[in-house]
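Summary of structural features
Here is how the chains run, residue by residue.
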Amino acid sequence: MASRSAAQSDENAPLPEAVQDFFAELRRRTGGDIRTDRYSRMLYSTDASIYQATPFGVVLPKHVDELQAAVELSAKFRVPLLPRAGGSSLAGQAVNEAVVLDVSRSLNQVLQIDTEARTVRVEPGVVLDELNLQLRPLGLQFGPDPASSNRAGMGGVIGNNATGSHSILYGMAVDHVRAMNVLLSDGSRATFSALDAEGLEQKKRGSGLESALYRRLASLFDDPDTQAAIRAGTPFHWRRCGGYNVDRFVEGPQFLRPPPPGFNLSNLVCGAEGTLALMTEMTLGLVAAPRLTGLAIVHYHSTYEALASVPVILETNPSAVELLDNHAMSLTRSVPEYNRMLETFVVGNPHCVLITEFYAETPDELASKIRGLEVHLRRQGVPCSSIVAALTPEHQQNVWGVRKAGLGLIMSLRGDKKPIAFIEDAAVPVAHLADYVDQVESFCGELGVPVSYYAHASAGCIHIRPIIDVKVASEVEKLPKIAQYSASLAAQYGGVITSEHGDGRSRSWLIEQFYGAPYYQVLREVKRAFDPHNLFNPGNIVDAPSMTEALRYGADYQTIPVQEHLSFASDQGFARAVEMCNGAAICRKKIAGTMCPSFMVTQEEEHSTRGRANALRAALSGRLPHEELTSKRMYEVMDLCIECKACKSECPSSVDMAKIKSEFLAHYYKRHGMPLRARMMADIARFSRWQSGILAPIVNTTLALPAVRYLLERALGITSKRTLPPFARESFPAWFSKRGSRPGVHGKVVLFNDTFNSYNYPHVSIAAVRVIEACGFEVVLPGHRCCGRPMISKGLLDQARAAAQETVEKLAPYAAQGLPIIGLEPSCLLTLRDEFFTLLPDDPRVRDIAACAVTFEEWITRLAEEQKLPAQLKTSGKALLHGHCHQKAAVGTKPSKIMLAAAGYEVTEVDSGCCGMAGSFGYEAEHYDISIKMAERRLLPAVRSVDEATVIVAAGVSCRQQIKHGTGRNALHP
């Protein structure tokens, strides 16, 4: 089957005349945020699917009036439109050759919460998790919980008719939609809600499109042939969101429920994927949030046995049943951190487990439900090997942490073969689930295609992802074969092909053969009634193209070679490292975690990890001219990446944008020249050595002069709004040399002293020496000059390699002895465990050094766990902890919390994301404002909220500087 790659599209092609006229008039009417440049078009050409389609442009409406103007002009000039929020769609329905209307920036408010009626009014751009955050204090939540809830806008949640892990409790999104305000295809406004017979007749009497719509659809659904077609075509399985929800307008025995009361066109728009009307406001029903949750982890010897037991488990009324399969468990066992978590709830070596969740009002009720499950499974003869209960929040966090990590590891598969989402949305009655999965896996195996999967087993939905190389024509040809087999098998078992992720480009082409021609004709009639000129997201649900059109990759996809400065061997090259981004858009989340700090404050697509990856891939593949790879516009895209490394740990595909940016900068500066400021910042270690000591008082006084700070800002772009770090009159190396080392009863450790804690804040290193010696160890210094971390961040990779080589020479003898190498500055110490492998990929000593390298917190935590902390280190008080970005990405803050607790502190950690200083970033004049905005999101308000007796703790020197500059509080190193 022929396929067409998205690489054949051209962002540089001139826009059609009608589209140009559309934008010209829209600018005159609204003066809004309208973007037609090639970068903006490219940035909105992908979602989380395997597809890519270049839009005509992007409109970011500030209010509904601007949105309405766009729809009116769309009707006038016959220009198609695509409403979009987070762009996290897996089936390709959020990309199209249309004008994108991005509602995520402004139309994102919670308008009203009615606790008595348990309803909420929202705009389409509000993110589901952000909505639930406002509802949580009221004991309420929106029921459906799609996995994309931390970045998906409610317009997408409703537009896809989404559900999630708790669908057996809460059903589909359409079950919770009460009413909505919409824009119809002619630009007129309408409100859809449940109408009784009299209300429907009133609506039909008008003269506009809304009245015509009611007349036509009421007649359609009253027609006996229509009703027969809907009854015959609607699958029996309840977890369905394909097509339009036409079954909501007829009665039938397979529907398991009567149609909802009243004639409510919201039921059609929900799940329509933006093809019928544009939602501007939705009224949604809410549910009570659970008081307590508990988990029962049921162990099995085979996946078939596990899935076959789901119907029996459902008889005990759980809230969710999720599969953690053998592949995912094997992957998590390979990562020590996750293996430790896995061992807290997995006994022995089962093939797979079912994570079974229960809600309860009291602890006794919760324990009783889990005991009831055990008894029921035993009585029914279910062949499970054991059941482990997880009742505490900490224990449950381990379970869900492994579940999430397992999926992430599956998605982080390196190379061109990837787990592809195109049949994963099928669902079948749970009684047939085991057979369905077994047969699909066998069929894929016959084609030479392995599969990975994860599951909402409780709803009969196993997310099967065939592992396919979509850059190879023969592999692309397997996509429709597998899709058709999956669809026919789902139909055979009374299942559905679409159960939560929508039809989109992946499945719309299958709708007619799956549901039948009469049913499909009803869908077409609905589309024509709403959108007679096919202007809203055309080609989705009805009249769809082949599933292999507009692929992001394809057989003709190629990238230009790049002479790499860093080793990308583990990714199979720089281009494939960039291609690790699959568009899932977790980098667009804003209320938890660290990724992506710049997007959190700008909310600009290009400042997300996905946006940067899309831009680089476009230049590598020719969607943008290849010379754009090192253009100044590409520099703007990459500029606000602060190299926090959060994407490496929080992105399911482990996109390492910090590493990618370092490589980019090396190529960019080779073409454009290296600015003096970048050279100075990269060489900060040598500069600091020169300025400390006898010159320090003079240098500090000079740098504090307003005139000097003004000149630094004008000449070098170093902001005058911050005080520069002072240089020490006596550096730490000088202090240590004069004092000398002291023998320890437990042997030696190496203190990997970094630049800032040696020449600017030596008291931190001195304190570390005293703590280490109090623990009974002798401190030795390696005598290195700089690990190369500042050079890496500025793209001076040849110099960084030389620094790394010198550091390895100094540390290798100690590593050979197995001595701990303890670091105080997370970014420097963790460079030994990360970047050294890419700077010196062929040096075997790097692995030995990395194995010995530990943060101060990790080392102290080991002593605490072995009960070897001396009594004189114990104290008491309250501590507010902020984790350094690199620390959170590579180690986590758990060692910091254990260490502080062991020392006697009551620890509170602030979910602060990135402090925003990011080394020299916050000192650069053009970045000062955004640096402060990053800090003001969470960190600085949290610091201001605690009393003076609470100790502020932060391991990173940049973090401590930001806290001092932003609040006046002195933060302490652990």
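A brief look at the structure comes next. Small disclaimer: the values here were computed from a predicted structure and weren't measured. (Residues numbered from 1 in each chain as written. Predicted model: local features only at pLDDT ≥ 70, side-chain atom pairs only at ≥ 80, totals over all residues. Heavy atoms only, no water.)

With that settled, consider the overall build of the chain. Across its full length, the chain holds 46 helices and 25 strands. Computed over its C-alpha atoms, the radius of gyration of the chain comes to 30 Å, within 12% of the 30 Å expected for a compact globule of 974 residues. Across its three principal directions, the C-alpha atoms of the chain cover 95 × 70 × 55 Å. Residues classed as buried in the chain amount to 61% of the 974 residues present. Considering only contacts within the chain whose residues lie at least 6 apart along the sequence, 75% involve residues at least 24 apart. As presented, the chain carries roughly 36000 Å² of accessible surface, and 51% of it is formed by carbon and sulfur atoms. Averaging the positions of the 102 positive and the 104 negative side-chain charges in the chain gives two centres separated by 6 Å. (Helix = DSSP H or I, 4+ residues; strand = E, 2+ residues; numbered from the N terminus. Rg over C-alpha atoms; globule rule 2.2 N^0.38 Å. Buried < 20%, exposed > 50% of the residue type's maximum accessible area, 1.4 Å probe, protein only. Contact = heavy atoms within 4.5 Å. Areas by Shrake-Rupley, 256 points an atom, 1.4 Å probe, with all protein chains shown as cover. Lys, Arg positive; Asp, Glu negative; His and termini not counted. Charge placed at Lys NZ, Arg CZ, Asp CG, Glu CD.)

Right, let's talk about the environment of F568 for a bit. Examined against the element boundaries, F568 turns out to sit in the loop between α22 (517-530) and α23 (574-579). Look at F568 and you get buried, because its relative accessible area is 1%. Once the C-alpha coordinates of F568 and E663 are considered, the two residues, 95 residues apart in sequence, prove to be 9.9 Å apart. Excluding residues within four positions of it along the chain, F568 makes contact with G573, F574, A577, K659, I660 and E663.

Looking now at a nonpolar patch on the surface. The grouping of I694, L695 and I698 at the surface amounts to a nonpolar patch, some 320 Å² of accessible area in total. The topology assignment puts I694 in the loop between α30 (684-691) and α31 (696-704). On the accessibility criterion, I694 (67% relative accessible area) is exposed. (Patch = residues over 30% accessible without salt bridge, like charges linked within 9 Å, V, L, I, M, F, W, Y side chains within 5 Å. Salt bridge = Lys/Arg side-chain N within 4 Å of Asp/Glu carboxyl O.)

The next subject is the pairing of strand β8 (residues 177-183). Among the seven residues in β8, five count as buried, and that is most of the element. Both β8 and strand β9 (residues 189-193) contribute to a ladder of five bridges, which runs antiparallel. In the strand pairing of β9, N181 is matched with T191. (Pairing = 2+ DSSP bridges.)

What follows deals with the pairing of strand β12 (residues 292-300). The element β12 is extensively covered by neighbouring structure, given that seven of its nine residues are classed as buried. Across nine bridges, β12 lies against strand β14 (residues 352-360) in antiparallel orientation. Counterpart to G294 in the pairing with β14 is F358.

Another point: the pattern of salt bridges. Tallying each qualifying case throughout the model produces 56 salt bridges. A salt bridge links E604 to R35; the shortest N-O distance between them is 2.7 Å. Within this pair, whereas E604 is found in the loop between α24 (597-602) and α25 (609-621), its partner R35 is found in strand β1 (residues 33-35), the two being separated by 569 residues in sequence. On the basis of relative accessibility, which here comes to 17%, the residue E604 falls in the buried class. Since its relative accessible area comes to 17%, R35 is described here as buried. E628 serves as the salt-bridge partner of R38, at 2.7 Å between the closest nitrogen and oxygen. With a gap of 590 residues between them, R38 in helix α2 (residues 38-43) and E628 in the loop between α25 and α26 (632-639) connect regions that are remote in the sequence. Given the relative accessible area of 29%, R38 is considered partly exposed.

Quick look at the sheet that holds strand β25 (residues 951-954) now. Taken in spatial order, the three strands of this open sheet run β24-β23-β25, and their pairing is parallel. At either margin of the open sheet sits one strand with a lone partner, and together these are β24 (905-909) and β25. Across the sheet, the mean angle from the axis of one strand to that of its neighbour is 30°, orientation sign disregarded. By the bridge criterion, five bridges tie strand β23 (residues 877-882) to β24 in an arrangement that is parallel. Looking at the pairing, K878 lines up with E906 of β24. Against the sheet, helix α43 (residues 894-902) engages β23, β24 and β25, with an angle of about 155° to β24. (Axes fitted to C-alpha atoms, helices over the stretch in contact; angles between N-to-C directions.)

Another point: the packing of helix α37 (residues 797-816) against helix α40 (residues 845-852). When two helices pack together, their arrangement is given by the angle between the helix axes and the distance between those axes. Between α37 and α40, whose axes approach to 9 Å, the crossing angle comes to 65°. Classified by the angle between their axes, α37 and α40 sit roughly perpendicular to one another. Every pair of crossing elements has a handedness; the one defined by α37 and α40 is left-handed. Across from Q805, V808, E809, L811, A812 and A815 in α37, the residues of α40 making contact are R845, V846, D848, I849 and C852. (Parallel < 35°, antiparallel > 145°, perpendicular 65-115°, else oblique. Left-handed = near helix turned anticlockwise from the far one by under 90°.)

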